[in-house]
Amino acid sequence: ERARMILCLSLWIVLALSVSTIAFYITTMSLERSHSRNVIMMVSDGLGPASQTYGRTFYQYKNKDKLLEDELTSLDRMLVGTSRTQSSDSLISDSAASATAFACALKSYNGAIGVDPTGNPCGTILEAAKNLGMLTGLVVTSRITHATPAAFSAHVVDRDMQADIAAQQIGDYSLMRQLDLMLGGGRCFFLPNTTQGSCRTDGRDLIKEAQELHGWKYVMENRSDWETLLAKDKKLPLPAMGLFHLDNMNYEIDRSHQKAEVQEPSLYEMTKVALRTLKGQAASNQGFFLMIEGSRIDMGAHNNDPVSHVHEILEYHRAVKVVKDFVNNNPDTLVISTSDHETGGFTLGFQDDPDTYPDYLWNPEVIDRAQASTEFLTRQLYDYNTQAGKTPTQKEREQFVTTQILDQGLGITDPTPAEIAFLANKDVDYLKALPFLGHAISRRANLGWTTMGHTGVDVNLYSTGDGYTRFLGNHENTEIGEVMSDYLKVDLAYITRKLQKNPFDWFKRKEGLFTTRRSRHQKYGN
C-alpha cells in the first residue's frame, strides 16, 4: 500500500511539473508574440562594393546643385559589415545557391533552389514565417520564378525548372499556398502552352489554378490592373499576385519607352504598396516576412552595361528609403540588405593602354546622356535589321546605327569607324553587339569590367531596425538566415521535416523530369 501511494504521488508530481512546463512555454510564447515582428529581406542582385560607390557618385553628380560631396545614400547609412558569398561547390556563387543560403541558412550547390547539397528540400524562412501565422510576400523585378524569389518559395534541384517553381509558388506542393503577395515578372511560366508567349511545355493554366484551387483572389497583368486594385484604399486585397511582364520586367531606364497601357510599376512603387498592404492586413500580433529584390542590377552588369546598371542601383536606393521610413514607424522590424554575389568585376577607373600614363578620371556626363539600356538598343537594332518586307542598305544601316543607337540611344556623338562598321554589319552577332555597346560607353566614361559573369568577392552587408547589431562584422551568408530565424523564433528544421516527410508526390529529383529547360540567357532572334 505504501509503495502504491509513493508511486501515485510521484506520478502526480511529474504530471504537475509537465503541466506547469507546458503552461510556462505557452505563456512565454504568447508574451513573445504579443506584438508583431516583421522581417524585410532585401537583395541587391549582383551589387558589389564598387557598384555601390558608382551609384552614390553618379547620384551626387546628378544632384550636385543640391548635395554636399560627402552625401550618403539611403543604403550607405545602414552599412554594418560584409558577407562571404561562396556556395558549397564553388568560390563563385550563383544567385540560386546564395538565395538558398539566405532562405534555408545552409550552403548548397550552384543552381540549387531550396534544396540542400544532396538535393533534398530544406525549409525556408518564408515557409517558417507562414507556419507561424505571418503574412508573406515577394517583390522582384525579374521573373518571379527566377533564382532568388524561387529559393524562398519553392524546392527544385535546378534553377531552370521554372515551370515547376511557378506551380509551387501558387500552392501546388505539400505545404500548400505559402505566399500572400507576389509582384514581379515571369507571367509566361503561368500560362498554358496554347497561349502566345507561354514558356511552359504543358497545358497547365496556373493563373486559373491559382484562383480556383489555391485561393488567390486577384491577378494583375499591367499597370491598369494595378491602379484599379489600388484605387479604393491604396492597399491590395490578399492573396494577390502581379505578373507585369511575360519575362523579366523592364529596366528602370526603359520603363518610359513603354506604352502607357502596359507600363509596369517600379521597384519603389511595388515596395511601397507591398509594405502598406502587408502591414494593413496583418493582425496586431501577426507580422510579416517580405523579400524584396533589385533583380535587374545584376542583369545590367551581366551585359556590362553601365547605364542600366546605375539606374537600377538608384531605384534600389529609392526602395531602401521606403523601407527605412517604414521601420521608423514600425520599430519591431528587422531589415537586412545584401547581395547574393558581385557581377561584372566592375571597376571605377579604366586604363586599357599600358603605354600612356592614366588620367585617373571618370566622366559621369557620358552616362547621364544615355537614354536607354544596351539591351533595349540591341533589340531595336535587331528589329530594324529584320523588319518584314524591307532589307536596309549598308548606308541606311550606318545611318540608323549612328543616329538611333549611338547618338539618341547612348549619347555617343563621336563613334569610331570601327564601331559603326561592327554595328552596321548586316550579319552582326547580336549577342556580341550587346556587350560591345556596353564597352563603348564604359570606355568613354572610364569604367571597366573584368567578366560578364559573377566574381567571388565579399559583398556589403546592411541592416537597420530591431536586432541589426547581430550583423556587425564579416559573416557567412548562411548567418543571415540564422539571424532571421532567431529573430522570428522559428525552427527551419521543423519545416524541413515536413517537406521531406512525403516528397515524392510533388518533388522532382532528376533532371529528366524537368517540365521546362529554358535558357538562362536571352538570345536575340530566337
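Residues numbered from 1 in each chain as written. Predicted model: local features only at pLDDT ≥ 70, side-chain atom pairs only at ≥ 80, totals over all residues. Heavy atoms only, no water.

Draft legend 1. The overall build of the protein, seen in detail. When you go through the protein residue by residue, the secondary structure sums to 18 helices and 14 strands. Looking at the 526 residues of the protein, the share that counts as buried comes to 56%. Taking the contacts inside the protein whose residues are at least 6 apart along the sequence as the reference set, 75% of them involve residues at least 24 apart. A total of about 22,900 Å² of accessible surface is found on the protein, and carbon and sulfur atoms cover 53% of it. (Helix = DSSP H or I, 4+ residues; strand = E, 2+ residues; numbered from the N terminus. Buried < 20%, exposed > 50% of the residue type's maximum accessible area, 1.4 Å probe, protein only. Contact = heavy atoms within 4.5 Å. Areas by Shrake-Rupley, 256 points an atom, 1.4 Å probe, with all protein chains shown as cover.)

Draft legend 2. Expanded view of the packing of aromatic side chains. Evaluation of the coordinates by the stated rule reveals ten aromatic pairs. Measuring from centroid to centroid gives 5.0 Å for Tyr54 and Phe346, while their planes differ by 40°, and the two rings are tilted. Taken together, the positions of Tyr54 in helix α2 (residues 49-62) and Phe346 in the loop between β9 (342-343) and β10 (347-348) put the pair 292 residues apart, joining distant regions of the chain. Exposure class is identical for Tyr54 and Phe346. Each is buried. Look at Tyr384 and Phe400: their rings are 3.9 Å apart centre to centre, the planes differ by 5°, and that puts the pair in the stacked class. Linking Tyr384 in helix α13 (residues 374-385) with Phe400 in helix α14 (residues 394-410), this pair joins segments that are 16 residues apart in sequence. Comparing Tyr384 with Phe400, the two get one shared label, buried. Through a chain of ring-to-ring contacts, three or more aromatic side chains come together here, namely Tyr54, Phe346, Trp362 and Trp449. If you follow Arg37 out to its NZ or CZ, it ends over the ring of Tyr487, 4.4 Å from the centre. The ring of Tyr61 carries Lys64 above its face, with NZ or CZ at 4.3 Å from the centroid. (Phe/Tyr/Trp six-rings, centres within 6.5 Å; stacked < 30°, edge-to-face > 60°. Lys NZ or Arg CZ within 6 Å of the ring centre and 35° of its normal.)

Draft legend 3. Looking closely at the pattern of salt bridges. One pass over the structure, following the stated rule, counts 24 salt bridges. Notably, a salt bridge pairs Glu221 with Arg187, separated by 3.9 Å at the nearest N-O pair. With Glu221 in the loop between β5 (218-220) and α8 (223-230) and Arg187 in the loop between β4 (181-185) and α7 (206-213), this residue pair connects regions lying 34 residues apart in the sequence. A residue is classified by how much of its surface remains accessible, and Glu221, at 35% relative accessible area, is partly exposed. Across the pair Arg444 and Asp414 runs a salt bridge, and its minimum N-O distance is 3.0 Å. Linking Arg444 in helix α16 (residues 430-445) with Asp414 in the loop between α14 and α15 (417-424), this pair joins segments that are 30 residues apart in sequence. Given the relative accessible area of 18%, Arg444 is considered buried. On the basis of relative accessibility, which here comes to 46%, the residue Asp414 falls in the partly exposed class. Put simply, Asp414, Glu419, Arg443 and Arg444 are held in one network by salt bridges that share partners. (Salt bridge = Lys/Arg side-chain N within 4 Å of Asp/Glu carboxyl O.)

Draft legend 4. Geometry of the sheet that holds β5. Spatially, ten strands are ordered β5-β6-β4-β3-β7-β1-β8-β13-β2-β14 in an open sheet, and the strand pairing comes out mixed. Two strands bound the open sheet, and with one partner strand each, they are β5 and β14 (473-476). Neighbour-to-neighbour, the strand axes of this sheet turn through a mean angle of 15°, independent of strand direction. (Pairing = 2+ DSSP bridges. Axes fitted to C-alpha atoms, helices over the stretch in contact; angles between N-to-C directions.)

Draft legend 5. Spatial organisation of the packing of α8 against helix α9 (residues 267-281). Two numbers describe how α8 lies on α9: the axes approach to 13 Å, and their chain directions differ by 30°. Compared by their axis directions, α8 and α9 come out roughly parallel. Note on packing geometry: the crossing formed by α8 with α9 is left-handed. Contacts between α8 and α9 pair Arg223, Trp226 and Leu230 from the former with Glu269, Met270 and Val273 from the latter. When the residues that make up the contact of α8 with α9 are grouped by side-chain class, the tally is four nonpolar, no polar and two charged. (Parallel < 35°, antiparallel > 145°, perpendicular 65-115°, else oblique. Left-handed = near helix turned anticlockwise from the far one by under 90°. Nonpolar A, V, L, I, M, F, W, Y, C, P; charged D, E, K, R; others polar.)

Draft legend 6. Focus on the pairing of strand β8 (residues 333-338). Counting buried residues in β8 gives six out of six residues, a clear majority hidden from the surface. Side chains of β8 alternate between two faces, with Thr333, Val335 and Ser337 and Leu334, Ile336 and Thr338 buried alike. Alignment of β8 against strand β13 (residues 459-465), held across five bridges, turns out to be antiparallel. Note on β13: the bridge partner recorded for Ile336 is Ser463.

Draft legend 7. Local environment of the environment of Tyr59. If you trace the backbone, Tyr59 turns up in helix α2. It is 9.8 Å that separates the C-alpha atoms of Tyr59 and Pro364, two residues lying 305 residues apart in sequence. Look past the residues within four positions of Tyr59 in its chain and what remains in contact with it is Leu67 and Leu314.

Draft legend 8. The UniProt feature "active site" (unreviewed entry) in the protein, seen in detail. Feature annotation in UniProt assigns "active site" (unreviewed entry) to the following positions: Ser95. Counting through the fold element by element, Ser95 comes out in helix α3 (residues 95-104). The contacts of Ser95, once residues within four sequence positions are left out, are Asp45, Ala147, Thr148, Arg159, Asp340, His341 and His454. Of note is the side chain of Ser95, whose polar atom sits 3.5 Å from the side chain of Asp45. (UniProt positions renumbered as here; feature names shortened; annotations may be inferred. Polar contact = N/O pair within 3.5 Å; in protein donor to acceptor, adjacent residues only side chain to side chain.)

Draft legend 9. Local environment of the state of the cysteines. Evaluated as defined, the whole model comprises two disulfides. Across the disulfide from Cys104 sits Cys122; the S-S distance is 2.3 Å. Here the disulfide of Cys104 and Cys122 is right-handed, its torsion about the S-S bond being about 80°. Pair noted here: Cys104 is in helix α3 and Cys122 is in the loop between α3 and α4 (125-131), with a separation of 18 residues, a long-range link. Across this residue pair, the class does not change: Cys104 and Cys122 are buried. Disulfide partner of Cys188: Cys199, at an S-S distance of 2.2 Å. (Disulfide = S-S within 2.5 Å.)

Draft legend 10. Examining the nonpolar core more closely. Counting 74 residues, the largest nonpolar core has Ile40, Leu183, Trp226 and Leu236 as its most contacted members. Filtering out sequence-adjacent residues up to four positions away, Trp226 remains in contact with Leu183, Met220, Leu236, Phe244, Pro265, Glu269, Met270 and Val273. (Core = buried A, V, L, I, M, F, W, Y, C linked by side-chain atoms within 4.5 Å.)

Draft legend 11. Fine view of helix α17 (residues 478-488). In terms of residue burial, α17 counts as a mostly covered element, since eight of its eleven residues are buried. Listed in full, the buried residues belonging to α17 are Thr478, Ile480, Gly481, Val483, Met484, Ser485, Tyr487 and Leu488. Two residues or fewer after α17 comes Lys489, characterised by a positive phi angle close to 60°.

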